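Geometric and topological summary
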Amino acid sequence: MTRVDVLAIAAHRDDVELTCGGTLLRSAALGRTTAIIDLTEGETGTRGSAAIRAEEASRAAEILGVAARINLGFPDAGIVNTPETRAALARAIRRFAPTVVIAPAPSPMGRHPDHRVTSELVRDACFVAGLARVASDVPPHRPRKVIHTLTYREDALKPTFVVDISDVFERKLEAVRCYGSQFEGVAQAGEVYPNGEPLFDIVRHHAAHYGSLIRVRYGEPFFTTETMRVDDVAALEVSTF
Ligand SMILES: [Zn+2]
């Protein structure tokens with residue numbers, strides 16, 4: 001078992017890099033341990049093969065500095081949330097015993113059905129991971145918190161918070177660039193809608209937009225169901241004017 005502080009879980013290889021790669025880098029810079037679970041091998045993707053994407057994902061993982069990256073081999077474009085898939089994911093989550101889990105956006109729409117289902121599946125699996133009688137061959141562990149990525153989503157809720165990734169943005173982009181088979185010369189991917197620019201520029205502009213919400217150069221937005229706690233209102237950051 002590799003115990004980590006932050007575990008990012010997503011449907012497809014490259015989802016994590018696009019939506020929360022900067023946050024994983026930031027966490028690592030703060031001394032936190034991190035890991036990634038990809039649910040599918042991307043075998044139905046139009047570009048590249050599952051083998052090429054595996055190679056790209058492991059290079060990206062190195063750049064992100066994660067302790068481990070595993071793949072559950074769920075069917076691409078066919079992820080379902082059932083007692084079986086919840087138990088399989090719960091087992092994998094227990095293996096890392098994370099404090100915080102990063103899940104896809106919680107909102108109901110989105111281009112790819114896997115993203116929608118994965119958001120719910122990750123939340124449910126985190127809960128189930130704490131039930132001793134489910135997958136009882138592995139000791140239970142329930143993460144303390146689930147946070148949802150929001151980047152690129154047109155149906156996005158207002159972020160609960162934004163992580164400042166200014167210092168690590170170029171490195172995040174380097175991790176995204178590992179997916180040459182997916183992104184080289186393209187103008188659209190995943191939830192990233194095309195605007196005529198190369199994909200890498202769109203990634204930069206989204207990060208700049210979310211950064212502007214907290215008055216920094218680049219940011220990644222997140223949603224939590226729980227309300228954020230504040231002890232000292234005089235220390236609140238992000239100026240109103
Ligand atoms: Zn995806």
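**As for the pattern of salt bridges**
For the structure on display, the rule yields ten salt bridges. For Glu17, the salt bridge goes to Arg69, with nearest N and O atoms at 2.7 Å. You can see Glu17 sitting in helix H1 (residues 15–29) and its partner Arg69 sitting in strand E3 (residues 68–74), a full 52 residues away along the chain. Classification of Glu17 by relative accessible area gives buried; the value is 1%. Its salt-bridge partner being Arg171, residue Glu174 comes within 3.9 Å of it at the nearest N-O pair.

**A few points about the pairing of strand E7 (residues 219–223)**
Counting buried positions along E7 gives five out of five residues, so the element sits mostly inside the fold. Side-chain alternation along E7 places Gly219, Pro221 and Phe223 on one buried face and Glu220 and Phe222 on a second face that is also buried. Here strand E5 (residues 145–149) pairs with E7 via two bridges, running antiparallel. Directly across from Thr149, in E7, lies its bridge partner Phe222. Pairing analysis gives four bridges linking strand E6 (residues 161–164) to E7, with the strands arranged antiparallel. Residue Val163 lies in a different strand from E7, and its bridge partner there is Glu220.

**Topic: the pairing of E3**
Sheet topology note: the strand E2 (residues 34–40)/E3 ladder contains five bridges and is parallel. Along E3, the bridge assignment pairs Thr40 with Phe74. Tracing the backbone out of E2, into helix H2 (residues 50–64) and back to the parallel element E3 gives a crossover that is right-handed.

**Details of the environment of Ile52**
Tracing the backbone through its elements, the reader meets Ile52 in helix H2. On the accessibility criterion, Ile52 (41% relative accessible area) is partly exposed. Counting along the chain gives 29 residues from Ile52 to Thr23, while the straight-line C-alpha distance between them is 25 Å.

**Regarding the sheet that holds E7**
One open sheet holds the seven strands; their spatial order is E3-E2-E1-E4-E5-E7-E6, and the pairing between them is mixed. Two strands lie at the open edges of the sheet, namely E3 and E6, each paired on one side alone. Taking the axes of each pair of neighbouring strands and ignoring which way they run, one obtains an average angle of 30° across the sheet.

**Description of the coordination of the zinc ion**
The zinc ion binds to the protein through His12 (ND1), Asp15 (OD), Asp15 (OD) and His115 (NE2), with metal-donor distances spanning 2.1 to 2.4 Å. Classification of the site at the zinc ion rests on its four donor atoms, whose angles at the metal span 57 to 125°, yielding the label irregular. Every donor residue of the zinc ion comes from the same chain, spaced as H-x2-D-x99-H. Of this pair, Asp15 sits in helix H1 while His115 is found in helix H4 (residues 113–128), placing the two residues 100 residues apart along the sequence. With respect to class, Asp15 is no different from His115; both count as buried.

**Examining unusual backbone geometry**
Within the chain, Ala77 stands out as a residue other than glycine whose phi angle is a positive 65°. Owing to a relative accessible area of 48%, Ala77 belongs among the partly exposed residues under this scheme. The phi dihedral of Arg215 falls on the positive side, at around 65°, and the residue is not glycine. Here Arg215 shows up in the loop between helix H7 (199–213) and E7.

**Things to note about helix H5 (residues 169–177)**
Those residues of H5 lying buried are Phe169, Lys172, Leu173, Ala175 and Val176. Summarising the axial view, the buried residues of H5 lie within an arc of 155°, below the 170-degree limit, and thus occupy one face. Those residues of H5 that are buried are in contact with H1, H2, helix H6 (180–183), H7 and E7.

**Section: the packing of aromatic side chains**
Applying the stated criterion to the full structure yields three aromatic pairs. Measuring from centroid to centroid gives 5.4 Å for Phe161 and Phe222, while their planes differ by 20°, and the two rings are stacked. Placement of the pair is Phe161 in strand E6 and Phe222 in strand E7, with a sequence separation of 61 residues. Seen from the ring of Phe127, Arg142 lies directly overhead, with NZ or CZ sitting 4.1 Å from the centre.

Parameters at a glance
- The residue numbering used here restarts from 1 in each chain and proceeds along that chain's sequence as written.
- Given that the model is predicted, a residue must reach a pLDDT of at least 70 before its local features are reported, and side-chain atom pairs must reach 80 or more before they are shown or counted; all residues, however, enter totals for whole chains, interfaces and linings.
- Side-chain figures throughout are based on the complete set of non-hydrogen atoms in the structure, without hydrogens or water.
- We count a salt bridge whenever a side-chain nitrogen from Lys or Arg sits within 4 Å of a carboxyl oxygen from Asp or Glu.
- Counting from the N terminus, the helices are DSSP H or I runs at least four residues long and the strands are E runs at least two residues long.
- Here's how the labels work: a residue is buried when its accessible area is under 20% of the maximum for its type, exposed when over 50%, partly exposed in between, all with a 1.4 Å probe on protein chains only.
- When DSSP finds two or more bridges between a pair of strands, those strands are recorded as paired.
- Orienting the strands away from the viewer, one traces the path from the first strand over the helix to the second; a clockwise path indicates a right-handed crossover.
- Only C-alpha atoms enter the line fits that serve as axes; for helices the fit covers just the stretch in contact. Angles between N-to-C directions range over 0 to 180 degrees.
- Think of the donor list as every N, O and S atom within 2.8 Å of the metal, or within 3.2 Å for Na, K and Ca; water never makes the list, so a site can look incomplete.
- Geometry is assigned from donor-metal-donor angles: four donors are tetrahedral when every angle falls between 85 and 135 degrees, four are square planar and six octahedral when opposite donors sit over 155 degrees apart with all other angles between 65 and 115, and any other arrangement is irregular.
- Of all possible arcs, the one meant is that of the directions from the helix axis to the C-beta atoms.
- Two residues form a contact once any of their heavy atoms are found within 4.5 Å.
- Any two rings among Phe, Tyr and Trp, with Trp reduced to its six-membered ring, count as a pair given centres within 6.5 Å; such a pair is stacked if its planes are under 30 degrees apart, edge-to-face if over 60, and tilted if neither.
- Put simply, a charge is over a ring when the Lys NZ or the Arg CZ is close to the ring centre, within 6 Å, and near the line of the ring normal, within 35 degrees.

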